[in-house]
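# Remarks on the overall topology
So you can see what is in the structure, the chains are spelled out below.
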Amino acid sequence: TPASPATITTGSAVFTQNMSVGANGNDVKRLQQLLNSDADTKVAVEGVGSPGNETSSFGSLTKQAIQKFQVKYNLAKEGDSGYGTVGPMTRAMLQEVFGVAR
């Protein structure tokens with residue numbers, strides 16, 4: 001049976017590709033679902049990008065949510081290279097924060 005949008009399944013926090021504004025696809029939607037599962041990093045409170053309304057498009061709202069995630073976990077801040085993009089350090093932290101304990 002397919003998982004409901006709020007369900008986070010094993011391995012879903014593992015991303016193999018970097019992502020930034022303009023990216024599209026299932027990874028982006030999964031990223032938004034993970035970010036929406038934490039009140040501090042929600043993509044949007046209502047409408048497009050909000051919980052249950054995630055999209056497969058990495059736009060300005062996803063970028064802002066990644067920035068909040070990066071600041072929360074001390075990965076990057078305004079002015080830093082990679083701020084607002086999903087690179088190796090951010091991917092590793094997403095897996096650590098949202099991944100299933102092994």
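Residues numbered from 1 in each chain as written. Predicted model: local features only at pLDDT ≥ 70, side-chain atom pairs only at ≥ 80, totals over all residues. Heavy atoms only, no water.

## Points about the packing of helix H2 (residues 60-72) against helix H3 (residues 88-98)
Two quantities define a packed helix pair, namely the angle between the axes and the distance from one axis to the other. Look at H2 against H3: their axes get within 11 Å of each other, and the N-to-C directions meet at 75°. In terms of orientation, H2 and H3 fall into the roughly perpendicular class. Seen from H2, the contacting residues are Ile 66, Phe 69 and Gln 70; seen from H3, they are Thr 90, Met 93, Leu 94, Val 97 and Phe 98. (Axes fitted to C-alpha atoms, helices over the stretch in contact; angles between N-to-C directions. Helix = DSSP H or I, 4+ residues; strand = E, 2+ residues; numbered from the N terminus. Parallel < 35°, antiparallel > 145°, perpendicular 65-115°, else oblique. Contact = heavy atoms within 4.5 Å.)

## Details of H3
For H3, the set of buried residues is Thr 90, Arg 91, Met 93, Leu 94 and Phe 98. The buried residues of H3 occupy an angular sector of 165° when projected down its axis, which confines them to one face. Along H3, the residues that are exposed and aim more than 90 degrees away from the buried face are Pro 88, Met 89 and Glu 96. Considering only its buried residues, H3 is in contact with helix H1 (26-36) and H2. (Buried < 20%, exposed > 50% of the residue type's maximum accessible area, 1.4 Å probe, protein only. Arc of directions from axis to C-beta.)

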